[in-house]
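# What the coordinates show
Chain by chain, the residues:
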Amino acid sequence: MCGHVLRNDPVRRLHLILSLAGVVVGLAVLAAIPELRHSVSLVFHGDLHRLRGEVRRLGAGGVLLIVALILAHAVLFFPSEIINAAAGFVYGFSAGLALVMVAWLVSALIAYVLGRTIARPLLVALFGKERFTRLRRAIRQGGITLLLVGRLLPVVPAAPMSYLAGASDIRVVRFSWTTVVGSLPLTASVTYLGSRAETLSLSDPLVWAVIALLIVLLGAARFVRFDVPDR
């Protein structure tokens, strides 16, 4: 069925080819640049200390490293918090937050495009065909609320959420603003903690506010459903 659609839709076929080519080129660049390859390894191993040192060592190039890591997250699933914390540590809260929010939006849009083109087999393998169908239906029926909640809760994987939104034909404007608004609280919290890493004090009321927010979000995740029952 998919092959028949592609044969009769040259525009969709072109989008598929371009998406595949983009992923291949991106992975090739990742493999070809030693600093980037090394930093990806640090992120996967959760080595925040060495990642912060690498970003700081590169100076202005550290900005490009942070952006490249976030863009790579569209196809490589690793904890996003370590990058946000490193950005906050090196560039401070305001500049670090602005940097990662823009980069995360671009990364989400890349994953959204992949969801509309080549990610369907991955989603079916990840969730199973029946649950994938239910998830698509849930995203369409849940509307803005579900898109916001999906970004707000720390247990929902960011890239698969973007894939699902793309595969569900969610409008790109709605997808973009809900991604920014929904991901801002958690991203800001982790970036703030990163910016205070050297002077972190439990007497800082903002630290307790961040900790309370994280606990609430983790607790809320237990009560949220992201699919709908079969009819």
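Conventions adopted
Residues numbered from 1 in each chain as written. Predicted model: local features only at pLDDT ≥ 70, side-chain atom pairs only at ≥ 80, totals over all residues. Heavy atoms only, no water. Helix = DSSP H or I, 4+ residues; strand = E, 2+ residues; numbered from the N terminus. Buried < 20%, exposed > 50% of the residue type's maximum accessible area, 1.4 Å probe, protein only. Contact = heavy atoms within 4.5 Å. Areas by Shrake-Rupley, 256 points an atom, 1.4 Å probe, with all protein chains shown as cover. Salt bridge = Lys/Arg side-chain N within 4 Å of Asp/Glu carboxyl O. Phe/Tyr/Trp six-rings, centres within 6.5 Å; stacked < 30°, edge-to-face > 60°. Expected span 1.5 Å × (residues − 1). Bend = angle between axes of the 7 residues up to and from the residue. Patch = residues over 30% accessible without salt bridge, like charges linked within 9 Å, V, L, I, M, F, W, Y side chains within 5 Å. Axes fitted to C-alpha atoms, helices over the stretch in contact; angles between N-to-C directions. Parallel < 35°, antiparallel > 145°, perpendicular 65-115°, else oblique. Left-handed = near helix turned anticlockwise from the far one by under 90°. Nonpolar A, V, L, I, M, F, W, Y, C, P; charged D, E, K, R; others polar.

### Here's the deal with the overall build of the protein chain
From N to C terminus, the protein chain includes twelve helices and zero strands. Taken from N to C terminus, the helices and strands of the protein chain fall in the order α-α-α-α-α-α-α-α-α-α-α-α. In the protein chain, buried positions account for 41% of the 231 residues. By sequence separation, contacts in the protein chain at least 24 residues apart represent 76% of the contacts at least 6 residues apart. Of the accessible surface of the protein chain, which amounts to about 12300 Å², a share of 68% is contributed by carbon and sulfur atoms.

### What to know about the pattern of salt bridges
Any two side chains of opposite charge can pair, on the condition that their charged atoms come close. Counted by the stated rule, this structure contains three salt bridges. Notably, a salt bridge pairs Arg50 with Asp47, separated by 3.8 Å at the nearest N-O pair. Looking at Arg50, the relative accessible area reads 45%, which means it is partly exposed. Taking relative accessible area as the criterion, Asp47 reaches 22% and is therefore assigned partly exposed.

### Looking at the packing of aromatic side chains
This model, assessed by the stated rule, comprises three aromatic pairs. Look at Phe77 and Tyr163: their rings are 6.2 Å apart centre to centre, the planes differ by 50°, and that puts the pair in the tilted class. In this pair, Phe77 sits in the loop between α5 (61-72) and α6 (81-91) while Tyr163 sits in helix α10 (residues 158-167), placing the two residues 86 residues apart along the sequence. On the basis of relative accessible area, Phe77 is assigned to the partly exposed category, the value being 40%.

### Concerning helix α11 (residues 172-195)
In a regular helix each residue adds 1.5 Å, so 24 residues correspond to 34 Å; α11 covers 32 Å between its end C-alpha atoms and thus fits that length. Most pronounced at Leu184, the bend in α11 amounts to some 45°, and the proline Pro185 follows within four residues.

### A few points about unusual backbone geometry
Non-glycine residue Asp169 carries a positive phi angle of around 60°. For Asp169, the location among the structural elements is in the loop between α10 and α11.

### Observations regarding a nonpolar patch on the surface
A surface patch of nonpolar side chains, amounting to about 430 Å² of accessible area, comprises Ile144, Val172, Val173, Trp177 and Val181. Here the nonpolar patch takes four residues from α11, the largest share from any one element. Note on placement: Trp177 falls in helix α11. In this structure Trp177 comes out as partly exposed when scored by relative accessible area, which is 38%.

### Description of the packing of α5 against α6
In the contact formed by α5 and α6, the axes pass within 11 Å of each other and the chain directions differ by 165°. Put simply, α5 runs roughly antiparallel to α6. For the pair α5 and α6, the sense of crossing is left-handed. When α5 is examined against α6, the residues Gly62, Val63, Ile66, Leu69 and Ile70 are found in contact with a partner set consisting of Ile83, Ala87 and Tyr91. Among the residues making up the contact of α5 with α6, the classes are represented as seven nonpolar, one polar and no charged.

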